[in-house]
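# Reading the structure
Read off the chains here:
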Amino acid sequence: PRLGEFNPQSLANTVWAFAKLGLKAPPFFHAIATAIQPRLAEFKPQDISNTAWAFAKTGVDAPRLFAAIATAVPPRLGDFNPQNLTNTAW
């Protein structure tokens, strides 16, 4: 499927798996970041957390994605558990 057909959890799990395996693929990560940004409101806290962690872990530069996350998270802080917050801030 094309990235636009992935649900939020699938997008988050994909970048998380790449990061967990230590695979740094900037073009792929940039494509996923572009797919995620307009859909960030659909993401559950765990999805946001895993996405932020994966980009930080791999060191892939995604300033627009992180700006979108920084805007999306504060109004939803009450939905985040401590682990979600820690991974997002990491």
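Preceding this section is the structure that the text describes.
For every chain, the first residue of its written sequence is number 1, and the numbers climb from 1 along that sequence. Selection of residues for local features in this predicted model requires a pLDDT of at least 70, selection of side-chain atom pairs for listing and counting requires 80 or more, and totals for whole chains, interfaces and linings are taken over all residues. The basis for every side-chain value is the complete set of heavy atoms in the structure, and neither hydrogens nor water enter the calculation.

Let us look at the side chain of Asp-47. Along the polypeptide, Asp-47 turns up in helix α3 (residues 45-58). No salt bridge is formed by the buried Asp-47; its nearest oppositely charged neighbour, Lys-44, is found at 6.1 Å. Among all residues touching Asp-47, those that are not within four sequence positions of it are Pro-8, Gln-9 and Ala-12. Per the convention used, a helix needs a DSSP run of H or I reaching at least four residues, while a strand needs a run of E reaching at least two, with both numbered from the N terminus. When accessible area is computed with a 1.4 Å probe and restricted to protein chains, residues below 20% of their type maximum are described as buried, those above 50% as exposed, and intermediate ones as partly exposed. In summary, the charge assignment counts Lys and Arg as positive and Asp and Glu as negative, without counting His or the chain termini. Salt bridges are identified by distance alone: a Lys or Arg side-chain nitrogen within 4 Å of an Asp or Glu carboxyl oxygen. Pairs of residues are marked as contacts when any of their non-hydrogen atoms sit within 4.5 Å.

Quick look at the packing of helix α2 (residues 26-36) against α3 now. Between N-to-C directions, angles cover 0 to 180 degrees, with each direction set by a line fitted to C-alpha atoms, over the stretch in contact for helices. It is at 12 Å that the axes of α2 and α3 come closest, and there the two elements cross at 155°. Regarding the angle of α2 to α3, the classification is roughly antiparallel. Two packed elements cross with a definite hand, and for α2 against α3 that hand is left-handed. Along its contact with α2, which presents Phe-29, Ala-33 and Ile-36, the element α3 presents Thr-51, Ala-54, Phe-55 and Thr-58. Under the scheme applied, nonpolar residues are Ala, Val, Leu, Ile, Met, Phe, Trp, Tyr, Cys and Pro; charged residues are Asp, Glu, Lys and Arg; polar residues are all the others, including Gly. Its residues assigned to classes, the contact of α2 with α3 shows 5 nonpolar, 2 polar and no charged. Every angle not falling under 35 degrees, over 145, or within 65 to 115 is termed oblique; those three ranges are roughly parallel, roughly antiparallel and roughly perpendicular. If you view the pair so one helix is near and one far, a crossing is left-handed when the near helix is turned anticlockwise from the far one by less than a right angle, and right-handed when it is turned clockwise.

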